[in-house]
Every structure is written in structure tokens, then in C-alpha cells.
Amino acid sequence: MPALKFFCFLLLLGLASRPGKAQTDFHNYNTRYVGEVGIEAGGAEYFGDLHTTTSLKSMKAAAGIFYRYFFNDYFGASAHIHFAQLGYSDAYNTDSFAHARNLSF
């Protein structure tokens, strides 16, 4: 385990010590920048009648893709498609009534 922490530290140190290229001019001004495509990743958690607390016991993976189109320098539109798998079970609940109810989806 200490070797993994050391490797992560060296990786972060190496990435942090590189010069930033965010302001470097790589643009070809003959082409027009009209949009971008991206991916999204995260977690999804159900919160409702079965799960009324803020614990993260039943978090599941979520993913998505998006496309942004720029009409001009000031206006744009985006479309997102998300996939998330939600679910909960009273087996996770510490309340005795909810645990005995044993509902899930």
C-alpha cells in the first residue's frame, strides 16, 4: 500500500510540475469552433419514500454523453443523454418498521 501512495504522489507531482498550455495559441483561425462532445461519469442515489435519510449506502454508477453547439460567441445549446441505475431496499434501513416492511425496487 505505501508503494501505491508513493506512486500516486509522484504521478501528481509530475503532472503539477508541467507547464500549462491553456493559453498557448494552437488555433487555426480559418476554422470555426462550433461545438464540443464530452462524456460524464458519476454516481446516482435514490432519495424518496423508501430512502428518507442522506446516507450513500446504495449509490450506483451513472454515465452520460453530451454535445454542445455554439450558434455564436454568446449563445449555444446542449443535448445530454444520461444513464443511471437507481434502486433501494429496506434491508439497508436501520429503522425497525422499514426493515420489517422489506420493500425494494
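Parameters at a glance
- Residue numbers restart at each chain and count upward from 1, following the sequence in its written direction.
- A pLDDT threshold of at least 70 governs which residues receive local features in this predicted model, and a stricter bar of 80 or more applies before side-chain atom pairs are shown or counted, although totals over entire chains, interfaces and linings include all residues.
- Side-chain numbers come from the whole structure's heavy atoms, not from hydrogens or water.
- Comment: elements are numbered from the N terminus, with helices defined as DSSP H or I runs of at least four residues and strands as E runs of at least two.
- The buried label goes to any residue with under 20% of its type's maximum accessible area, the exposed label to any with over 50%, and the partly exposed label to all in between, with areas taken from a 1.4 Å probe on protein chains only.
- Every residue pair with non-hydrogen atoms within 4.5 Å of one another is taken to be in contact.
- For every residue, the pLDDT score states the predictor's confidence, bounded by 0 at the bottom and 100 at the top.
- Here a strand pair is declared whenever DSSP counts at least two bridges between the two strands.
- Angles here are taken between N-to-C directions and fall from 0 to 180 degrees, while the axes themselves are lines fitted to C-alpha atoms, restricted in helices to the stretch in contact.
- The working definition used for a salt bridge is a side-chain nitrogen of Lys or Arg within 4 Å of a carboxyl oxygen of Asp or Glu.

For the chain, the helix and strand inventory stands at 2 helices and 3 strands. Seen in sequence order, the chain has helices and strands lined up from the N terminus as α-β-β-β-α. Each of the 105 residues in the chain was classed as buried or not, and the buried ones make up 14%. Nonlocal contacts in the chain, meaning residues at least 24 apart in sequence, comprise 47% of its contacts between residues at least 6 apart.

The residue Ile81 is located in strand E3 (residues 76-84) in this model. On the basis of relative accessibility, which here comes to 57%, the residue Ile81 falls in the exposed class. Taking the C-alpha atoms as reference, Ile81 lies 9.6 Å from Ile39; in sequence the two are 42 residues apart. Residues contacting Ile81, with those up to four places away along its chain left out, are Ala63, Gly64 and Ile65.

A few words on the confidence of the model for the chain. When pLDDT is averaged across the chain, the result is 78; 82% of the residues are at 70 or more. The spread of mean pLDDT over the elements of the chain runs between helix H1 (residues 2-16), the lowest at 72, and E3, the highest at 94.

With that settled, consider the sheet that holds E3. Ordered in space as E1-E2-E3, the 3 strands form an open sheet in which the pairing is antiparallel. A strand with exactly one partner marks an edge of an open sheet, and here the two such strands are strand E1 (35-44) and E3. For this sheet, the mean angle separating the axes of adjacent strands, direction not counted, is 20°. Bridging between E1 and strand E2 (residues 60-70) involves 10 bridges; their strand directions are antiparallel. If you follow Ile39 over to E2, its bridge partner there is Ile65.

Here the structure, examined in full by the defined rule, presents 1 salt bridge. Its salt-bridge partner being Glu36, residue Arg68 comes within 2.7 Å of it at the nearest N-O pair. Placement of the pair is Arg68 in strand E2 and Glu36 in strand E1, with a sequence separation of 32 residues. For Glu36, a relative accessible area of 24% puts it in the partly exposed group.

Turning to its location among the elements, Ala62 is positioned in strand E2. Separated by 19 residues in sequence, Ala62 and Gly43 have C-alpha atoms that sit 5.0 Å apart. The residues touching Ala62, leaving out its near neighbours within four places in the chain, are Glu40, Ala41, Gly42, Gly43, Ala44, Phe83 and Ala84.

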